[in-house]
Amino acid sequence: MAQQYVYFFGNGTAEGDATNKALLGGKGAGLAEMTQLGIPVPPGFTVTTEACVHYSKTGNYPEKMQEQMQVALSKLETSLGKKLGDIANPLLVSVRSGARVSMPGMMDTVLNLGLNSETVVGLAKASGNERFAYDSYRRFIQMFGDVVLGVPHHKFEHYLSAMKKSRNVAIDTDLGADDFKELVEQFLALVAKETGKPFPQNPADQLMLAITAVFGSWDNQRAKTYRRINKISDDWGTAVNVQAMVFGNMGDDSGTGVAFTRDPSTGEKIFFGEFLINAQGEDVVAGIRTPEPIARLKDVMPVVFEQLEAVYQKLEKHYRDIQDIEFTVERGKLFMLQTRTGKRTAKAAVKIAHDMVLEGLIDKKTAVLRVLPEQLDQLLHPMIDPKEVYTSIAKGLPASPGAAVGKVVFNAEDAEEWVTRGEKVILVRNETSPDDIGGMHVAEGILTATGGMTSHAAVVARGMGKCCVAGCGALDINEREKFFIAGGVTIKEGDFITINGTTGEVVVGSVTLVSPEFSGEFAILLDWSDEFRTLGVRANADTPEDARVAREFGAEGIGLCRTEHMFFDGDRIDAVREMILASNESDRRKALAKVKPYQKEDFLGLFREMAGLPVTIRLLDPPLHEFLPHTDEDVQKVAQASGLHFDQLKRKVSELHEFNPMLGHRGCRLGITYPEVYEMQVYAIIEAACELKKEGIDVQPEIMIPLIGHVRELEILREMTVRVCDEVINRSGVTLKYLVGTMIELPRAALTANEVATQAEFFSFGTNDLTQTTLGISRDDAGRFLPDYVHQGIYKEDPFVSIDVAGVGQLVEMGVVRGRSTRPDLKTGICGEHGGDPASINFCHKIGLNYVSCSPYRVPIARLSAAHAALKS
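Quantities reported herein were computed from a predicted structural model and do not represent experimental measurements.

Q: Is there a simple way to explain the nonpolar core in this structure?
A: In this structure, Leu-376, Phe-603, Phe-607, Ile-686, Ile-705, Phe-763 and Phe-765 are the most contacted members of the largest nonpolar core, which totals 124 residues. Looking at which element gives the most residues to this core, the answer is helix 26 (residues 675-694), with 12 residues. Apart from residues lying up to four places away in sequence, Ile-705 is in contact with Leu-619, Cys-668, Tyr-678, Leu-714, Leu-717, Arg-718, Thr-721, Val-740, Gly-741, Thr-742 and Met-743. Among the nonpolar cores identified, the runner-up in size contains 66 residues, and Leu-111, Tyr-134, Val-151 and Ala-244 belong to it.

Rendered as structure tokens:
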């Protein structure tokens, strides 16, 4: 039996239903389902997505498709008593695309197909309305000419505007039948001129050309780009819906509208939409006329409005979700043209999911799955007011979501100084470094010319919950003269700019922002998520303030405290530099004694905020050169402050220089070479923990040794750590449990995880560096070429944003399996940027990690993602 490529719907029966969305597309499935429900739908037929896939691959229609279309068309003609191409009583149809998900970029609708220079006369006689007939014909020529034949839309609009101007009228409805007849002739001549061929007059040819155009639109550049951005498969294809026309432009007893069963912006349970009297569907969305709010329909057509209310309520109750509907009224009779799941803002998604549980329409599991984790970013950061109209001068990477407004400054010191006098600033740098941490902390947002999605600027900004646009290569920054040029515009220090970390845009001037609202529904939905997830969620936090934010968002501990960030605050950087510049162990220990009180104070604050929850503290990781000045100007300042000679300090900076610091003298290698540094940190951690323990505060320290490549490294540093911990605990007279573990960020550590686990009580996979060391790609430099790699399909996603499952993911899974083969109770988690990525979290759930750790502002996203992973597994 031949495969079925065409499905009919009409007269209360349909060959498909809502379960056939993959085959019939969202629109076709909705039409079939509404027909089955007894809702008034103009009859028609759907050509399946499989036919489109066949056409995309071969350039030909599937065998039997056209034959099946002819059977369906005959059925449609019989049901209406009209025939396509009949001069006396012509059947007219609409042709619409419809993939299984709504996809902007697909072919626009063609209405009134079947009209030609003969059938338009028949339509005028049959309807008794010559103006309506020729208005419909000029619309058809314009739509078909644009979307099927490729004649630019604006060329038709030129003639229409000229006609209105010559007749001294403002809107289309003020034109008469003779005006439209004249426009028809102008449009036909335009098509012939632009295409070199006369406008097709045979309705059968028109239909096949339109269907071919729908199939072809699946592979247009707009559609491909949308699919890539939204991770939609290229193999889905789109369906084609051919449906009998009903006319909203037959007079004041006719009209058309688009509506939602709830407000898609706020989620409120109100009928929301717009309509136009005496119009066809595209008029509502084209902006040609100003539509009226749907509530006004009750006054204009009370009977129709009552019918429409009953239909929309029936549809929402049936689908148990917000519906986006289209309708037409023809001479007082209501017809439904579409129902599909309505797109909504994050705020609306949360409220609708919450309210529908209370209304008994859905259960908690469904509510949790209805809200996409990616949407929550909209609820966690300030955003540009949707009502604002603005033009961007440059676009970089959307490295940390939200938006920020401030005056431009070009270095961290100026940022701190300007903020102390009450200014709001945007820190603009070629790239940030750890030295910039103070300025980054006080800035409203950060803008860099280089770096990728996991550059220093991006990672730190996300951790702070600050807006960041990174890798904006269009910026030509002159830090010395303090200005930058982008898009031909010069921005000087002190000028206002707005940056949009959600889109990557840079905007001149101050744009109005709206603050996030943490509604009760939002908190309740996250609590429901916690009922279903099995994966723990911790936060990466370096300060008590970060820890407090993380806990408010529901973090169950700290999965990564980066102690090096503590070294840059205030006066402590001088003591750190003194330690680095020391020429022997004795002098280093003296300098470290000055640093220790600062470290201890930090840990006391962290432990207090996270009382009762685990806190994983990573010992010093970056190479020492990062703490030293780099420019001659900064070297001179430090030399004067430290009492060292300029040349002496310059020589020390040169000695510590490394060609590839990421693979150099850092992490546990520092601890092996300078054990007194790690020793000081362990003393500070455990002394702080013991003091709080005496106060009755539950403290759960976990000490993490970074960059292990060989078990012997961990063995040496573990011995030192245990010795110091036990010494302090015994001296304090308290009982304190602590863990010693390691960060797996080198492939060798993952490969030998069974050995490493003999010395580690937990593994935390540092997937930022593990990705760099596995792929051999620098995350700071990759922004220049990784977008091309993603675009060409080498990587499906940026591997620094979403974990490379086939490569890095295999190492993580191997590390878990091998580690637990030695130590079955081994605790495992990840603390790289991937800990806040929904797809990566799903992977972590599958391989049995205990927890993920992410920036505080992504904790809600991780909680919801972990629930999705559990419910879908």
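Still more ground to cover, so stick around.
Q: What is the right way to read the environment of Ile-141 from this model?
A: With respect to the helices and strands, the residue Ile-141 is situated in helix 5 (residues 130-147). The spacing of Ile-141 and Pro-200 is 59 residues in sequence and 9.6 Å in space, taken between C-alpha atoms. Aside from chain neighbours lying at most four places away, what touches Ile-141 is Phe-156, Val-184, Phe-187, Leu-188, Val-191 and Phe-199.

Q: Help me understand the pattern of salt bridges in this model?
A: Any two side chains of opposite charge can pair, so long as their charged atoms come close to each other. The full count for this structure, using the stated rule, is 54 salt bridges. Note that Glu-687 is salt-bridged to Lys-600, the shortest N-O span being 3.6 Å. With Glu-687 in helix 26 and Lys-600 in helix 22 (residues 585-609), this pair connects stretches of sequence that are 87 residues apart. Here Glu-687 and Lys-600 have matching classes, each one buried. Glu-691 is paired through a salt bridge with Lys-600; the nearest N and O atoms lie 2.4 Å apart. Note that Glu-691 is positioned in helix 26 and Lys-600 in helix 22, a separation of 91 residues in sequence. You can call Glu-691 partly exposed: its relative accessible area is 34%. Accessibility expressed as a relative area gives 18% for Lys-600, which makes it buried.

Q: Please clarify how the sheet that holds strand 21 (residues 476-478) should be interpreted in this entry.
A: Strands in a sheet are paired, the pairing made by backbone hydrogen bonds, and the direction either parallel or antiparallel. The antiparallel open sheet is built from three strands, whose spatial order is 21-22-23. The sheet is open, and its two borders are formed by strand 21 and strand 23 (489-492), each paired with just one other strand. Between one strand axis and the next, the sheet turns through 15 degrees on average, direction left out of account. As judged from the three bridges shared by strand 21 and strand 22 (residues 483-486), these two strands associate in the antiparallel manner. Note that in strand 22 the partner of Ile-477 across the bridge is Phe-484.

Q: Before we go on, may I ask you to explain helix 27 (residues 711-732) in this structure?
A: One full turn of an α-helix is made of 3.6 residues, so residues set three or four places apart face in the same direction. For helix 27, spanning 22 residues, the distance from its first C-alpha to its last is 31 Å, which sits close to the expected 32 Å at 1.5 Å a residue. Taken residue by residue, helix 27 has Val-711, Glu-713, Leu-714, Leu-717, Arg-718, Met-720, Thr-721, Val-724, Cys-725, Val-728, Ile-729 and Ser-732 as its buried positions. Against helix 25 (668-673), helix 26, strand 30 (700-705), strand 31 (739-744) and helix 29 (753-756) lie the buried residues of helix 27. Gly-733 sits one or two positions beyond helix 27 and adopts a positive phi of about 70 degrees.

Q: Any chance you could explain the pairing of strand 1 (residues 6-10) here in plain terms?
A: Along a regular strand, successive side chains alternate from one face of the sheet to the other. Burial analysis of strand 1 places five of its five residues in the buried class, which makes it a mostly covered element. Side chains of strand 1 alternate between two faces, with Val-6, Phe-8 and Gly-10 and Tyr-7 and Phe-9 buried alike. Two elements, strand 1 and strand 3 (residues 44-47), share four bridges in a ladder whose sense is antiparallel. Looking across to strand 3, one finds that Val-6 is bridged to Val-47. In the sheet, strand 1 pairs with strand 2 (residues 13-14) via two bridges, with the strands oriented antiparallel. By the bridge assignment for strand 2, Phe-9 is matched with Ala-14. The turn joining strand 1 and strand 2, which pair antiparallel and follow one another in sequence, is formed by two residues; a positive phi near 55 degrees is taken by Asn-11.

Q: How should the sheet that holds strand 9 (residues 255-260) be read in this particular structure?
A: Spatially, 11-10-9-12-13 is the arrangement adopted by the five strands of the open sheet, whose pairing is antiparallel. Every other strand in the sheet has two partners, leaving strand 11 (292-293) and strand 13 (333-341) as the edge strands with one partner each.

Q: Would you mind showing me how to read the packing of aromatic side chains here?
A: In this description, an aromatic ring pair is defined by two values, namely the gap between the centres and the angle between the planes. Enumeration over the complete set of coordinates arrives at 14 aromatic pairs. Summarising the aromatic geometry, the rings of Tyr-55 and Tyr-61 are spaced 5.7 Å apart at their centres and angled 25 degrees between planes, so their arrangement reads as stacked. Using a relative accessible area of 24% as the deciding quantity, one classes Tyr-61 as partly exposed. Look at Tyr-55 and Phe-215: their rings are 5.5 Å apart centre to centre, the planes differ by 40 degrees, and that puts the pair in the tilted class.

Q: Whenever I open this one, the packing of helix 33 (residues 838-846) against helix 34 (residues 859-872) confuses me. Can you help?
A: A pair of packed helices is characterised by two quantities: the angle between their axes and the separation of those axes. It is at 9 Å that the axes of helix 33 and helix 34 come closest, and there the two elements cross at 50 degrees. Between helix 33 and helix 34, the angle falls in the class oblique. With respect to the hand of their crossing, helix 33 and helix 34 are arranged in right-handed fashion. On the side of helix 33, the interface is formed by Pro-838, Ile-841, Asn-842 and His-845, while helix 34 contributes Ile-861, Ala-862, Ser-865, Ala-866, Ala-869 and Ala-870. For the contact of helix 33 with helix 34, a count of residues per class yields seven nonpolar, three polar and no charged.

Q: Is there a simple way to think about the environment of Gln-206 in this case?
A: For Gln-206, the position within the fold is in helix 8 (residues 203-217). Separated by 92 residues in the primary sequence, Gln-206 and Gly-114 have C-alpha atoms spaced 7.1 Å apart. Once residues within four sequence positions are removed from consideration, Gln-206 is found in contact with Leu-113, Gly-114, Leu-115, Phe-140, Phe-144, Phe-199, Pro-200 and Gln-201.

Q: In this structure, what is going on with the environment of Arg-100? I would like to understand it.
A: Among the secondary structure elements, Arg-100 is positioned in the loop between strand 6 (93-99) and strand 7 (110-113). Its relative accessible area of 25% is what places Arg-100 among the partly exposed residues. With 624 residues separating them in the primary sequence, Arg-100 and Val-724 have C-alpha atoms 62 Å apart. When neighbours within four sequence positions are excluded, Arg-100 is seen to be in contact with Lys-21, Ala-22, Gly-25, Gly-26 and Trp-236.

Parameters at a glance
- Residues numbered from 1 in each chain as written.
- Predicted model: local features only at pLDDT ≥ 70, side-chain atom pairs only at ≥ 80, totals over all residues.
- Heavy atoms only, no water.
- Core = buried A, V, L, I, M, F, W, Y, C linked by side-chain atoms within 4.5 Å.
- Buried < 20%, exposed > 50% of the residue type's maximum accessible area, 1.4 Å probe, protein only.
- Helix = DSSP H or I, 4+ residues; strand = E, 2+ residues; numbered from the N terminus.
- Contact = heavy atoms within 4.5 Å.
- Salt bridge = Lys/Arg side-chain N within 4 Å of Asp/Glu carboxyl O.
- Pairing = 2+ DSSP bridges.
- Axes fitted to C-alpha atoms, helices over the stretch in contact; angles between N-to-C directions.
- Expected span 1.5 Å × (residues − 1).
- Phe/Tyr/Trp six-rings, centres within 6.5 Å; stacked < 30°, edge-to-face > 60°.
- Parallel < 35°, antiparallel > 145°, perpendicular 65-115°, else oblique.
- Left-handed = near helix turned anticlockwise from the far one by under 90°.
- Nonpolar A, V, L, I, M, F, W, Y, C, P; charged D, E, K, R; others polar.

These figures come from the coordinates and say nothing about function on their own.
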